[in-house]
Amino acid sequence: MRIYFTIIFILISLCSESQPNRRTLHWYFSDFAGLDFSAGDAVEDPNGMVYSPNWEGSTVMSDQYGNLLFYCDGEKIWNKNHLLMTNDLTYPDIDRGYQGVVAIPKPGSSNLFYVFIVCKSNGSSRLPLYYFTIDISLQGGLGEVVSVDTLYSAYDAAEKITATYHANKTDVWIITRKFQDDTYAAYLITGNGVNPDPILSPAPQRELNWGPTNIGPMKISLDKKYLVTTFMGDQSQEGGEVEVCKFNAQSGEIEHLYSFQMSDYFLTSSSAIYEESSCEFSPCSKFLYVAAEIQTDSSSHVYQFDIQYILDPDSFIQSGLLVDTVMGSNLQLAPDGRIYCFGKASMHFPTNPLNNFLGRFNNPGGLGLSSDYQSDVLIFQEGQVSSGLAYFVNDFLHRFDFEGQCALDTFYFDPWFFPEPTWIQWSFGDPASGSQNISNELHAKHVFSHGGEFEVSVLLTYPSGRVEETSRVVEVDSVPYPNLGPDTLICRGSSLALNANCNGQSFTWSTGQWGVASITVSDTGYYWVRASYANGCDNHDTIHVGFLPETQFDENALSVTPTACGGASGSITGLSIIGIEPMLLE
């Protein structure tokens, strides 16, 4: 017999306006250009002070309510009032990198932030990877730079830096590319600060002084399984290149799988060359988008690749579908779940009129043309979009998050959709849960029937009428299933062996015994066993053991007929036995 215990959780919900993806509502980039996603759709924000004439990127940090805190162009930092942040330590004079800067909150702190910076690969003013520490509580909430530190182990880091949370959802990995040592370097950031000793992983050889050929971002899929980097290349390198790697969010290790040049597969003209200028993953991590610019004109194409084939180079490359031929540089996932892009960002076409057009993939989780590319989302009236976008910790761009680990536990789902949907439907990919597999609650919860990977899908409608469909794979740890059998009865003075009958790695019994899968009992009562796996997931079963009633004689109808001496005609009749079978009369 199994006894189910119900634990009642009192959930104290923060205001629905507090969502981690609201940290990415404000973008300031290129030449005094900006976007604001506070209302849900992108609108122009001309207040930014970023000036990036040489393809440099930027980073922006807002709080979880979407209030701007600060932003940085890889050299200077501005506060929420668009004034230079107080910094008595001065700003180093450097040549800024393409994806040269990223900001993160310090783990466990509400007021400290780090801004990590790498330089241009062929710049005359180069420094190793360094970082500012900002205390946003100073200067009346405008923030102040309180320290600047250098990671000398990344002396040859350049052009690319990105950030993603550790598998524990608390610590952060800062990842960059070292061009002289030909390695990827992953630095772990914890509540104790920045670990100066990186996890190093081999990378293909590329020269530090190749300059523009190393331009292009490094992106990590939101499921944290893959890392992809693009390189623009040039005529001397015969076009650009795409690097495909595995990523381990637990260890920080990166495994290079293969590299390829899109010109070899998608261009029919021998004189045309693609420059792979940008890349981005869909929020569901099912597709990779790569922007490829035609080197000799203003064309820019975007291809979509199917991640299910990524471990097979030939199949992955063959899955490439052309989904945009209008513009495609500077691909960037936004807090509304859509991927934005701009016109060709090339030094050869700095005044390309398409540069100030904002394009968008409205359904980046859709295959091929169902990704729904739109070329005319808006036209920037202020500033100039040349190249370089705002970069963020990729975890801030999830569509929803969840808390839960083990099968049979309740998983709680936190929606990051705004404005609040007028209708929503969750599907947990768990048909064994029956009618519980679907929920129309905004803050859904679900008990998964078993361990494994479940694709949790969400379909929702916004007040504007926009329909969004997205998904995320949720990994659920398995639990053991102990089975003590049905309640049972034993005779007084006898014993019973109880066996958990499962493959648990640890056992705890109600008798105080532990570490064994079976025990022997000889008394009545309830007995339970809790079986656990090394991952902490456990389950239990309970059995009741009772005594069989003692056998009793019913003599009410007893009749004894005597027999004569030496005879055989006597009898005893009417004697009955009261008890629970089986019983033995001797």
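Our subject is the structure listed above.
These numbers were taken from a predicted model, which means no experiment stands behind them.

Draft legend 1. Quick peek at unusual backbone geometry. Pro-419 follows Phe-418 through a cis peptide bond whose omega is -10°. Although it is not a glycine, Gln-139 adopts a positive phi angle of roughly 55°. Residue position: Gln-139 is located in the loop between β9 (130–135) and β10 (144–150). Since its relative accessible area comes to 41%, Gln-139 is described here as partly exposed.

Draft legend 2. Region of interest: the pairing of strand β13 (residues 183–190). In terms of burial, β13 is largely enclosed, as eight of its eight residues are buried. Every second residue of β13 is oriented toward a common face, with Thr-183, Ala-185, Tyr-187 and Ile-189 on one face and Tyr-184, Ala-186, Leu-188 and Thr-190 on the other, all of them buried. Here strand β12 (residues 172–178) pairs with β13 via seven bridges, running antiparallel. In the sheet register, Trp-173 faces β13, and the bridge partner there is Leu-188. Hairpin connection, β12 to β13: the antiparallel pair is bridged by four residues, and Asp-182 has positive phi, about 55°. Sheet analysis places β13 next to strand β15 (residues 199–202), joined by four bridges and oriented antiparallel. Considered in β15, the bridge of Thr-183 is made with Pro-202. As defined by bridge partners, β13 adjoins strand β14 (residues 193–194) across two bridges and the pair is classed as antiparallel.

Draft legend 3. The arrangement of a nonpolar patch on the surface in detail. A cluster of nonpolar side chains, namely Phe-32, Met-49 and Tyr-51, defines an oily patch on the protein surface of about 280 Å² accessible area. We classify Met-49 as partly exposed; its relative accessible area is 35%.

Draft legend 4. Structural view of the pattern of salt bridges. Tallied over the full model, the rule gives 18 salt bridges. Of the charged contacts in the structure, one is a salt bridge between Lys-178 and Asp-156, with a shortest N-O distance of 2.7 Å. Here the residue Lys-178 occupies a position in strand β12, and Asp-156 occupies one in the loop between β10 and β11 (157–165), the gap between them amounting to 22 residues. Its salt-bridge partner being Arg-338, residue Asp-336 comes within 3.1 Å of it at the nearest N-O pair. With a relative accessible area of 2%, Asp-336 lands in the buried category. Because the salt bridges share partners, they merge into one network encompassing Asp-73, Glu-75, Lys-76 and Arg-96.

Draft legend 5. View of the packing of aromatic side chains. Applying the stated rule across the entire model yields 36 aromatic pairs. Ring geometry for Trp-27 against Phe-37: centres 4.9 Å apart, planes inclined by 50°, an arrangement best described as tilted. Placement of the pair is Trp-27 in strand β1 (residues 26–29) and Phe-37 in the loop between β2 (33–36) and β3 (43–44), with a sequence separation of ten residues. Residue classification places Phe-37 among the buried positions, given a relative accessible area of 0%. Plain terms: the ring middles of Phe-29 and Phe-342 are 5.5 Å apart, the flat faces sit at 50° to each other, and that makes the pair tilted. Here Phe-29 is found in strand β1, whereas its partner Phe-342 is found in strand β25 (residues 339–342), with 313 residues between them in sequence. Across the pair, Phe-342 and Phe-29 agree in class, each one buried. An aromatic cluster is built from Tyr-258, Phe-260, Tyr-265, Phe-266, Tyr-274, Tyr-303, Phe-305 and Phe-316, whose rings are joined through pairwise contacts. The cationic tip of Arg-177 hangs over the ring face of Phe-179; the distance from NZ or CZ to the ring centre is 5.3 Å. Residue placement shows Arg-206 over the ring face of Phe-231; its charged tip is 3.9 Å from the ring centre.

Draft legend 6. Representation of empty space enclosed by the protein. Evaluation of the coordinates by the stated rule reveals three cavities of 30 Å³ or more. What the largest cavity holds in volume is close to 170 Å³. As for the largest cavity, its lining consists of 18 residues, of which Lys-219, Glu-280, Gln-332, Phe-392 and Asn-394 are closest to the centre. Looking at the lining of the largest cavity, the elements with two or more residues in it are β7 (96–105), β11, β16 (218–220), β20 (274–281) and β24 (329–333). Residue composition of the lining of the largest cavity, grouped by class: eleven nonpolar, five polar and two charged.

Draft legend 7. Summary view of the state of the cysteines. By the definition in use, this model includes one disulfide. The disulfide that involves Cys-406 links it to Cys-537, with 2.0 Å between the sulfurs. With the S-S bond torsion at -85°, the cross-link from Cys-406 to Cys-537 turns out left-handed. With a gap of 131 residues between them, Cys-406 in the loop between β29 (400–403) and β30 (410–415) and Cys-537 in the loop between β40 (525–532) and β41 (538–547) connect regions that are remote in the sequence.

Draft legend 8. Region of interest: the nonpolar core. If you look at the biggest cluster of nonpolar residues, it comprises 39 residues, and the most contacted ones within it are Phe-70, Val-115 and Phe-116. Elements with a minimum of two residues in this core: β5 (68–72), β7, β8 (112–119), β9, β11, β12 and β13. Considering every element that reaches this core, the biggest residue donor is β8, with seven residues. Among all residues touching Phe-116, those that are not within four sequence positions of it are Gly-100, Val-101, Val-102, Ile-104, Leu-129, Tyr-130, Tyr-131, Ile-161, Ile-174, Ile-189 and Val-194. Counting 25 residues, the second-largest nonpolar core is a separate cluster that includes Ala-33, Val-60, Val-385 and Leu-389.

Draft legend 9. Quick look at the sheet that holds β1. One open sheet holds the three strands; their spatial order is β1-β2-β3, and the pairing between them is antiparallel. Each having just a single partner strand, β1 and β3 make up the two edges of the open sheet. Sheet analysis places β2 next to β3, joined by two bridges and oriented antiparallel. In the sheet register, Leu-35 faces β3, and the bridge partner there is Glu-44.

Draft legend 10. How the structure looks around the side chain of Asp-73. Along the polypeptide, Asp-73 turns up in the loop between β5 and β6 (77–79). A relative accessible area of 4% places Asp-73 in the buried class. A polar atom in the side chain of Asp-73 sits 2.8 Å from the backbone nitrogen of Lys-76. With residues near it in sequence (within four places) discarded, Asp-73 still touches Val-50, Tyr-51, Gly-57, Ser-58, Trp-78, Arg-96 and Val-101.

Draft legend 11. Representation of the environment of Gly-404 within the structure. Among the secondary structure elements, Gly-404 is positioned in the loop between β29 and β30. Taking relative accessible area as the criterion, Gly-404 reaches 35% and is therefore assigned partly exposed. Once the C-alpha coordinates of Gly-404 and His-446 are considered, the two residues, 42 residues apart in sequence, prove to be 9.6 Å apart.

Draft legend 12. Just the sheet that holds β25, in detail. Across the sheet, four strands lie side by side as β24-β25-β26-β27; this open sheet has antiparallel pairing. The two strands at the open ends of the sheet, each matched to only one other strand, are β24 and β27 (373–379). Within the sheet, the average angular offset between the axes of one strand and its neighbour, ignoring direction, is 30°. Direction of pairing for β24 relative to β25: antiparallel, over a ladder of three bridges. Across the sheet, residue Ser-329 finds its bridge partner in β25, namely Phe-342.

Conventions used here
Residues numbered from 1 in each chain as written. Predicted model: local features only at pLDDT ≥ 70, side-chain atom pairs only at ≥ 80, totals over all residues. Heavy atoms only, no water. Helix = DSSP H or I, 4+ residues; strand = E, 2+ residues; numbered from the N terminus. Buried < 20%, exposed > 50% of the residue type's maximum accessible area, 1.4 Å probe, protein only. Pairing = 2+ DSSP bridges. Patch = residues over 30% accessible without salt bridge, like charges linked within 9 Å, V, L, I, M, F, W, Y side chains within 5 Å. Areas by Shrake-Rupley, 256 points an atom, 1.4 Å probe, with all protein chains shown as cover. Salt bridge = Lys/Arg side-chain N within 4 Å of Asp/Glu carboxyl O. Phe/Tyr/Trp six-rings, centres within 6.5 Å; stacked < 30°, edge-to-face > 60°. Lys NZ or Arg CZ within 6 Å of the ring centre and 35° of its normal. 1 Å grid on protein atoms, 1.4 Å probe; cavity = no way out; pocket = protein on both sides within 12 Å on 5 of 7 lines; lining within 4 Å. Points joined across faces, edges and corners; volume = space filled by probe spheres on them. Nonpolar A, V, L, I, M, F, W, Y, C, P; charged D, E, K, R; others polar. Disulfide = S-S within 2.5 Å. Core = buried A, V, L, I, M, F, W, Y, C linked by side-chain atoms within 4.5 Å. Contact = heavy atoms within 4.5 Å. Polar contact = N/O pair within 3.5 Å; in protein donor to acceptor, adjacent residues only side chain to side chain. Axes fitted to C-alpha atoms, helices over the stretch in contact; angles between N-to-C directions.

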